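What the coordinates show
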Amino acid sequence: MQSVYELMDLIDVYAGAVGLKRIPPRGVDGGEGDQSIRWEAPYAQLMLWMIQSTGKASVLAEVEKAQEILDTLLVSAEKSLSGVVDGYLLLLLWNEPDEDLHSLIRSLEMDTNVCRKNFIWQREGDTPEARWERLWRTTVIGLPESPPLGRMVDMPELKESYKEIWKEIRRSGSANAARKVLKECKRW
Amino acid sequence: MVKMERLRLAVFRGVPGELQLDFTAPLTIIYAPNGTGKSSVIDAAEWLLTGGVKRVSDFSERSDAGELRCKFAPAESRMEVEGWFLQGEEAFRLVRVPEAWLLYREGDDVPHRTTSRDVMKLFGPIEFGKERGYRVAPRLERDWIRSTRFLTGSTLALLVDTDSQNQTARETALGGFLGVGELFARADRFENFARHLIDGYGGEEGLAATKKELARRKEELARFRKTMADSGENSLELDELIHGELSEASSVRDEEGRTRLYGASQMKRLAELKETLGAKKKRLLVLKRVINKLLEYLPEIEGIETSVARARKDQKDWSEKLRRLIIDINDTLLKRARLDISLVSRESRLNDLFRKKLVYTEKIREILISLKNCEDLLGLSNQSAFNQIRESHRAGQKVTELRSTLYSLNQKRQVASMEEVVRTIEEKVTKIERKRDQALEAARLLRGKANQYCAEQLDRLFVVVSPMFSRIQANEVFDSLQRGPLKNPFDWGAKSSSYEFTPSHHFSMGQRQDLALSIFLARARGVKGTFYLDEPVIHLDDLNRVALMDTLRMLVLESEPRCNFVMTTARRDFVRHMAEKFANVPLVNGMPPLRIYELDGSPRVGVRVAKEWCAGVG
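Because the structure is predicted, anything quoted here is derived from the model rather than measured. (Residues numbered from 1 in each chain as written. Chains lettered and ligands numbered in written order. Predicted model: local features only at pLDDT ≥ 70, side-chain atom pairs only at ≥ 80, totals over all residues.)

A word on the overall build of chain B
Looking only at helices and strands, chain B features 15 helices and 15 strands. The buried share of chain B, reckoned over its 618 residues, is 34%. Taking as baseline every contact in chain B between residues at least 6 positions apart, the subset at least 24 positions apart corresponds to 70%. (Helix = DSSP H or I, 4+ residues; strand = E, 2+ residues; numbered from the N terminus. Buried ≥ 20, exposed ≤ 12 C-beta atoms within 10 Å, placed from the backbone. Contact = placed C-beta atoms within 7 Å.)

Structural notes on the overall build of chain A
Along chain A, the regular secondary structure elements total 5 helices and 5 strands. Tracing chain A from N to C terminus, the helices and strands come up as α-β-β-β-α-β-α-β-α-α.

Focus: the interface of chain A and chain B
Counting residues at the interface gives 47 residues for chain A and 67 residues for chain B. Those elements giving two or more residues to the side of chain A that touches chain B turn out to be helix H3 (99–110) and helix H5 (160–187) of chain A. Top element by residues in the side of chain A that touches chain B is H5(A). It accounts for 12 residues.

Focus on the nonpolar core
The biggest cluster of nonpolar side chains holds 164 residues, and the ones touching the most others in it are A:Leu90 and A:Leu91. For this core, the element with the most residues is helix H11 (residues 329–472) of chain B, which contributes 16 residues. Those residues in contact with A:Leu90 that lie beyond four places of it in its chain are A:Leu46, A:Met47, A:Leu48, A:Trp49, A:Asn118, A:Ile120 and A:Thr138. (Core = buried A, V, L, I, M, F, W, Y, C linked by C-beta atoms within 7 Å.)

A look at the environment of B:Ala395
All names here are of chain B. Tracing the sequence through the fold places alanine 395 in helix H11. On the neighbour-count criterion, alanine 395 (20 C-beta atoms within 10 Å) is buried. Taking C-alpha positions, alanine 395 is 9.9 Å from arginine 258, a pair spaced 137 residues apart along the chain.

Describing the environment of B:Leu552
One can find B:Leu552 in helix H14 (residues 542–558). Apart from residues lying up to four places away in sequence, B:Leu552 is in contact with B:Leu27 and B:Phe565.

Considerations on unusual backbone geometry
Residue and element names in this part refer to chain B. Even without being a glycine, arginine 13 presents a positive backbone phi close to 50°. Tracing the backbone through its elements, the reader meets arginine 13 in the loop between strand S1 (2–12) and strand S2 (15–22). Here glutamate 535, not a glycine, exhibits a phi torsion of approximately 50°, which is positive. Along the chain, the position of glutamate 535 falls in the loop between strand S12 (529–533) and H14. A residue is classified by how many C-beta atoms lie within 10 Å of it, and glutamate 535, with 20 of them, is buried.

Here's the deal with the confidence of the model for chain B
Residues and elements named next belong to chain B. Put simply, chain B has an average pLDDT of 82, and 88% of its residues get 70 or more. Overall, residues 128–133 carries pLDDT values under 50, and its contacts beyond four positions in sequence, including any with other chains, amount to 10 contacts. We note a pTM of 0.70 for the whole complex and an ipTM of 0.87 for its interfaces. (pLDDT = per-residue confidence, 0-100.)

Some words on the sheet that holds strand S10 (residues 493–496) of chain B
Residue and element names in this part refer to chain B. If you trace the 3 strands from one edge of the open sheet to the other, you get S9-S10-S11, paired in antiparallel fashion. Sheet topology places strand S9 (480–482) and strand S11 (499–501) at the edges, where each strand pairs with a single neighbour. Taking each pair of neighbouring strands and ignoring which way they run, the sheet shows an average axis angle of 30°. Summarising the sheet, S9 and S10 pair through 3 bridges and their orientation is antiparallel. Bridge pairing in S10 links serine 480 to lysine 495. (Pairing = 2+ DSSP bridges. Axes fitted to C-alpha atoms, helices over the stretch in contact; angles between N-to-C directions.)

Some remarks on the packing of helix H13 (residues 509–527) of chain B against H14(B)
Residues and elements named next belong to chain B. Packing of H13 against H14 leaves a shortest axis separation of 12 Å and a crossing angle of 5°. Our classification of the angle between H13 and H14 gives roughly parallel. Contact residues: H13 offers Gly510, Asp514, Leu517 and Leu521, while H14 offers Asn544, Leu548, Thr551 and Leu555. Partitioned by chemical class, the residues of the contact of H13 with H14 number 4 nonpolar, 3 polar and 1 charged. (Parallel < 35°, antiparallel > 145°, perpendicular 65-115°, else oblique. Nonpolar A, V, L, I, M, F, W, Y, C, P; charged D, E, K, R; others polar.)

Observations concerning the environment of B:Arg78
All names here are of chain B. Among the structural elements, arginine 78 can be located in the loop between helix H3 (65–68) and strand S4 (80–87). On the basis of neighbour count, arginine 78 is assigned to the exposed category, with 10 C-beta atoms found within 10 Å. Once the C-alpha coordinates of arginine 78 and glycine 17 are considered, the two residues, 61 residues apart in sequence, prove to be 9.6 Å apart. Once residues within four sequence positions are removed from consideration, arginine 78 is found in contact with Ala10 and Val11.

Looking at H13(B)
In an α-helix, one full turn covers 3.6 residues, which means residues spaced three or four apart are oriented alike. The end-to-end C-alpha separation of H13(B) is 27 Å, in line with the 27 Å expected for 19 residues at 1.5 Å each. Phi for B:Lys528, located one or two positions after H13(B), is positive at around 70°. (Expected span 1.5 Å × (residues − 1).)

Points about the sheet that holds strand S1 (residues 21–23) of chain A
Residues and elements named next belong to chain A. Read across the open sheet, the 5 strands follow the order S1-S2-S3-S4-S5; overall the sheet is mixed. Looking at strand neighbours, the two that pair on one side only are S1 and strand S5 (116–120), the edges of this open sheet. Adjacent strand axes in the sheet meet at a mean angle of 25°, parallel and antiparallel pairs treated alike. As defined by bridge partners, strand S4 (residues 86–92) adjoins S5 across 5 bridges and the pair is classed as parallel. In the sheet register, leucine 92 faces S5, and the bridge partner there is isoleucine 120.

Concerning the pairing of strand S6 (residues 100–105) of chain B
Residue and element names in this part refer to chain B. Relative to S6, strand S5 (residues 90–97) runs antiparallel, the two sharing 6 bridges. The residue of S6 that forms the bridge with valine 97 is alanine 100. Two successive antiparallel strands, S5 and S6, enclose a turn made up of 2 residues. Bridge analysis of S6 against strand S7 (residues 112–114) gives 3 bridges, and the strand direction is antiparallel.

Topic: the packing of helix H2 (residues 56–80) of chain A against H3(A)
Residues and elements named next belong to chain A. Interaxial distance between H2 and H3 falls to 10 Å at its minimum, and their mutual angle equals 25°. On the basis of their axis angle, the class for H2 and H3 is roughly parallel. Considering only the axes of H2 and H3, their crossing is right-handed. Contact residues: Lys56, Val59, Leu60 and Val63 in H2; Asp100, Leu101, Leu104 and Leu108 in H3. (Left-handed = near helix turned anticlockwise from the far one by under 90°.)

Re the pairing of S4(B)
Two faces belong to every sheet, and in a regular strand the side chains alternate between them. Residues and elements named next belong to chain B. Taken together, the 8 bridges between S1 and S4 define a ladder with antiparallel strand orientation. Note that in S4 the partner of lysine 3 across the bridge is leucine 86. Looking at chain direction, S4 and S5 are connected through 7 bridges and run antiparallel. Among the inter-strand pairings, tryptophan 84 is bridged to a residue of S5, identified as arginine 93. Here S4 folds back onto S5, and the loop between the two strands holds 2 residues, one of which, glycine 88, carries a positive phi near 65°.

A look at H2(A)
Residue and element names in this part refer to chain A. End to end, H2 covers 36 Å across 25 residues, agreeing with the expected 36 Å (1.5 Å per residue, within 8%). Val59, Val63, Ala66, Gln67, Ile69, Leu70, Leu73, Leu74 and Ala77 are the residues of H2 that are buried. At its buried positions, H2 is contacted by strand S2 (36–41), strand S3 (44–50), S4, H3 and S5.

Here you go:
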């Protein structure tokens, strides 16, 4: 469970970066139960669904259920706002799936019915970002900061002998600088 | 960080009239069917920011204004591109005409004519090492702006084609956007210097041939030295003695010269003496002849002496007779007078003869003395000549000895000359090799530093690129992206299970475009400012295109005021879908998140904005 909190914190950061805010679950009556957590913004909703089962069929059943709930929420949101509200379903598996489940995961991730669906499970890693690497496949959330790239690198300090060559290259160009050395050699 | 807020282009490329577009929204989409001037807008921005349009000028530094001018525009119309920019809080306007840039700062009525370097400074990267006086080449700044701000077909190829033919161009462009373009450029120049140095020497073959020649001469020298050492010469002593012996040889030569000169003068003197002797001999002969002649007179003298004796006896007799005759003086006076006269004349003649004899005797003595002197002198001269000859012979021997010494010295001199040749060749080869090695080492250092920095930057960048790529790739094929090895970090690839994939060989066209977009957009977040994407969705499938829309929306929402994007597309469904996606997106920094332009027309009939609308809440 500890790891789920880590995931939720991570989603808070990267969903928050694009205006998605975590909202408390509506409870069993609201259809969500305690299996899901949602983040929403006027333009999109992201639902994290914790899959309890492990078998292919039961996983599929759970996905359909989660999708149905999200669909209801999206329709409701679209009614209150005029326009499309995108839905994103993030399906949490407690363990890394076996090969059999992989094919189901692939087909569900390619399926655009109702919403984009992405499976997530924890992996080995030094940071939360690395442990929840599959979170990045969710297209709605933000990304880690890009490194600042707006400047050029400082020139490394060169030896005096290299500087002399460089001075000559800069003054007369590579070819002429080389010719000058050759001329000196021929003078001997 | 400079953001473009508005762009106006006139008589440019496919736009014969004027077109003005607002880029204040974080995302601006320019939609138009092909041939309606979409790319002309991107080209205009490139011309304004860099002074050239790469795809038009075929990668040369400056685009030909004639090529950029719209062919269908009236002759009197003026080609011009104008941009309104925001740099922090400061606004400025830049106008590009074929011959110049004109810069209007806020509140300026009169523009400042601006150089390309100043323009590059406005839009280029922060220069490095200003305190050390380094300046980035304008070409590099231009490349940096181009590769960082514009995503076109050529940029896409550079980003994903990792084949070796493309490597140098990629290194330059990608090094540029990571801020190490100058390092790569300098490394190239060092390498060019090394190449020209070796080429100028006849290539590696020429250098190898000189080294071979050097080895041959060294061997020859060693052989020669050994030969000399075998003949008893001490090469070390030889080296030391060369100078001294050469000067000794010189003095011996001088001495020889002097001796020869002295011998010659002595020989001359001998010849003179011989001549004098000849003359003396001749004179002696004359004297001998005179003596002989005188000797011929001797009987006469003896006769005279006898006559004198007889006359004396007669005188005695006659004196007796006189005495006897005295008595008969008278008778005999006459006779006696006559006899006195006769006696006087005879005595006088006798005295003359005596005097003559004495004179001749003296002369003979003198001649004999002179003859003896001459003989003595002749003897002395012969001795002197002999001595001179002997001396000359000695000098000859000395000359022979000196010649032998000279021969030896010549050998030593030959050694010295060979050593000089070897030293000269060695110094020449060493200098060229040293300079070549220094240049290559400097290039290696610069390239190493650049690659190291690129690797570090790419490691950080790929933290963003990799998830961005994976989210655009709906059909999960690759687990992750990774940069290339340290020696070529731009040789990036993908991993799936334990397999490795190269974009240029294993990626589909769509995957390549996904990768290029991921790199470009991830980098854009780190650079900030305005970015221009020409037809970025052309090869993407439906799902990936939707993923890209989400990514663009994400970039807009997280952008704050740091980035804005201008993109073109010929796909109406994409535009419609984007409008839907952004319908409920709130204002970003007070601006609608998406502005869409629909262009209509053609270069022949003119291009106009047919429709302009914004998507988003409010």
